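Examining the three-dimensional arrangement
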Amino acid sequence: MDDELSIEKIQAKIDNLNKPKGSLGRLEELALQICLIQQTLEPRLSHPCHLLLGGDHGIEREGVSVSPREVTWQQMINFTRGGGGVNMFCRQHGFDLSIVDVGVDYDLSQVPGILDRKIARGTKNFLYEPAMSEAEYQQALTAGVNLVDACKDKGCNILSIGEMGIGNTSPSSIWMHLFCNIPLEECIGAGSGLNNDGIRHKYEVLSKAVENHRDRSRDSKLNHGPVPAILDEVIRYFGGFEMVAAIGAMLRAAELRMIILVDGFIMTACALAACQLRPEVKNFMIFAHCGDESGHKKMLDSLGAKPLLNLGLRLGEGTGALCAYPIVDSAVRMINEMNNFQNANITKYF
């Protein structure tokens, strides 16, 4: 960030609040980050928005998930009726929820309450071919950008993103493996409930997919091209439409200096990809929680991210990000509403 408001000026205000220096811990760190994002000593949170992005994955056909693909569209419809975890938390914390079909393998175009941004009825199977074409990749990124612009037009300055897509822990694990240089077996977990045999099968499928991708690209110009081209190619080869839309949303939110609440394993993988493309985007991200999915903590560690919560969540939908919102709100209230030593007539003792 090219910031005019200095860290020192913000820290001075925080240190002069009537409390022992550093005694509010992570809240002080959050307040500093939010002041830098908004470039003000009096930050505010306005019209929080939550994007729930749905998409299906060709790799699901390989039995890498215990949940069948029809659960994606069934849950999308459930969300419109207010019956999901994401609905409850959005109601609790006052988030404007947008339910978006980016690539669900079902016709949801006539379902009230679902925004139709469908690119295709699911991605292709990346065990055998790229999950999406270059044109589809660009379309997914643009969908995310446009969704954030719509949030901004409502007055939003803090955004959370969730996903609904059976099989999307598979591309997340591969991105983690390739971008963090972590052995693939350490990146793969149970997803929505695989047993040990299921996890072993998932590893075998994803390992073969990575090997096939390397074989396809070994003699490709990508091996000799610019780094961004390689990053884009890896993202679109394995990613889901809902995941790439999330990346586009994160990139655009950072451009608009919005706070980005990052959810669990899948959204952390999207944040990882976004940061690979534009490292400065991380400055706008608040990592909400560390979930139970195997490898999530290692991915957060690779990003140098300190999650606010560890509640054992692995639901997805953006629920962890929504749960963390009150903590962010507390940080903003701290810097705006606490008195300072001078006004409170308290001796400053440090």
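Up top you'll find the structure we're talking about.
Residues numbered from 1 in each chain as written. Predicted model: local features only at pLDDT ≥ 70, side-chain atom pairs only at ≥ 80, totals over all residues. Heavy atoms only, no water.

1. What about the overall build of the protein?
Scanning the protein from terminus to terminus reveals twelve helices and six strands. Its C-alpha atoms give the protein a radius of gyration of 21 Å, near enough to 20 Å, the size a compact globule of 350 residues would have. Expressed along its principal axes, the backbone C-alpha trace of the protein runs to roughly 70 × 45 × 40 Å. Split into buried and exposed, the 350 residues of the protein put 55% on the buried side. In the form shown here, the protein has an accessible surface area of approximately 14700 Å², with 48% of it arising from carbon and sulfur atoms. For the protein, the distance from the average site of its 34 positive side-chain charges to the average site of its 42 negative ones is 3 Å. (Helix = DSSP H or I, 4+ residues; strand = E, 2+ residues; numbered from the N terminus. Rg over C-alpha atoms; globule rule 2.2 N^0.38 Å. Buried < 20%, exposed > 50% of the residue type's maximum accessible area, 1.4 Å probe, protein only. Areas by Shrake-Rupley, 256 points an atom, 1.4 Å probe, with all protein chains shown as cover. Lys, Arg positive; Asp, Glu negative; His and termini not counted. Charge placed at Lys NZ, Arg CZ, Asp CG, Glu CD.)

2. Digging into the sheet that holds strand β2 (residues 96-103)
Judged by pairing direction, the sheet is parallel, and its six strands sit side by side in the order β3-β2-β1-β4-β5-β6 without closing on themselves. Edge positions in the open sheet fall to β3 (114-116) and β6 (285-287), since each of these has one partner strand only. When the angles between neighbouring strand axes are averaged without regard to direction, this sheet yields 30°. Bridge analysis of strand β1 (residues 49-55) against β2 gives seven bridges, and the strand direction is parallel. Pairing of C49 across the sheet is with D96, part of β2. Sitting on the sheet, helix α10 (residues 265-277) touches β4 (158-164), β5 (259-262) and β6, and the angle it makes with β6 is about 145°. (Pairing = 2+ DSSP bridges. Axes fitted to C-alpha atoms, helices over the stretch in contact; angles between N-to-C directions. Contact = heavy atoms within 4.5 Å.)

3. Re the state of the cysteines
Inspection of every chain in the model, using the stated rule, returns zero disulfides. A disulfide-free cysteine, C180 has its sulfur positioned 7.2 Å from the sulfur of C187, the nearest such atom. Unpaired in this structure, C323 has its nearest cysteine sulfur neighbour in C90, at a distance of 11 Å. (Disulfide = S-S within 2.5 Å.)

4. Some words on the pairing of β2
A regular strand places its side chains so that they alternate between the two faces of the sheet. By the criterion of burial, β2 is predominantly enclosed, with six of the eight residues buried. In terms of strand pairing, β2 meets β3 through three bridges, oriented parallel. Looking at β3, one finds that I99 is bridged to I114.

5. Regarding the side chain of H177
Mapped onto the elements, H177 comes out in helix α6 (residues 169-180). Residues within four places of H177 in sequence aside, it is in contact with I182, P183, L184, C187, V210 and R214.

6. Concerning helix α12 (residues 319-337)
Each α-helix turn comprises 3.6 residues. Residues three or four places apart therefore point the same way. The end-to-end C-alpha distance of α12 is 28 Å, a good match for the 27 Å that 19 residues give at a rise of 1.5 Å each. The largest bend in α12 comes to about 30°, at Y325, with the proline P326 one to four residues further on. All of the buried residues in α12 are T319, G320, A321, L322, C323, A324, Y325, V328, A331, V332, M334 and I335. (Expected span 1.5 Å × (residues − 1). Bend = angle between axes of the 7 residues up to and from the residue.)

7. Quick notes on the packing of helix α9 (residues 241-255) against α10
Contact geometry for α9 and α10: axes closest at 9 Å, N-to-C directions at 55°. When the axis of α9 is compared with that of α10, the two are oblique. α10 is crossed by α9, and the crossing has right-handed handedness. Contact residues: α9 offers M243, A246, I247, M250 and L251, while α10 offers I266, M267, C270, A271, A273, A274 and L277. (Parallel < 35°, antiparallel > 145°, perpendicular 65-115°, else oblique. Left-handed = near helix turned anticlockwise from the far one by under 90°.)

8. Things to note about the pairing of β4
In terms of burial, β4 is largely enclosed, as seven of its seven residues are buried. Residue alternation in β4 divides its side chains into two sets, I158, S160, G162 and M164 and L159, I161 and E163, and both sets are buried. Examined bridge by bridge, β1 and β4 share six bridges and lie parallel to one another. Each residue of the ladder has a partner; that of G54, found in β4, is M164. With three bridges joining them, β4 and β5 adopt parallel strand pairing. By the bridge assignment, I158 is partnered in β5 with I259.

9. Description of the pattern of salt bridges
It is possible for side chains of opposite charge to pair when their charged atoms get near one another. Considering all chains together, one arrives at 20 salt bridges under this definition. Across the salt bridge formed by R236 and E134, the nearest N and O atoms sit 3.5 Å from each other. In this pair, R236 is assigned in helix α8 (residues 227-238) and E134 in helix α5 (residues 134-153), connecting sequence segments 102 residues apart. R236 gets classed as buried once you look at its relative accessible area, which sits at 18%. (Salt bridge = Lys/Arg side-chain N within 4 Å of Asp/Glu carboxyl O.)

10. Description of the environment of S330
Structurally, S330 can be placed in helix α12. Here S330 falls in the partly exposed class, since its relative accessible area comes to 34%. Between the C-alpha atoms of S330 and A31, which are 299 residues apart in sequence, the distance is 9.0 Å.

11. A word on the packing of helix α4 (residues 85-93) against α12
Two elements in contact, α4 and α12, have axes whose closest approach is 9 Å; the angle formed by their N-to-C orientations is 15°. It follows that α4 is roughly parallel to α12 by the angle criterion. The crossing of α4 and α12 is left-handed. Residues G85, V86, F89, C90 and H93 of α4 form the contact with α12, whose own contacting residues are T319, L322, C323, Y325 and P326. Each residue belonging to the contact of α4 with α12 can be placed in one class, and the counts come to seven nonpolar, three polar and no charged. (Nonpolar A, V, L, I, M, F, W, Y, C, P; charged D, E, K, R; others polar.)

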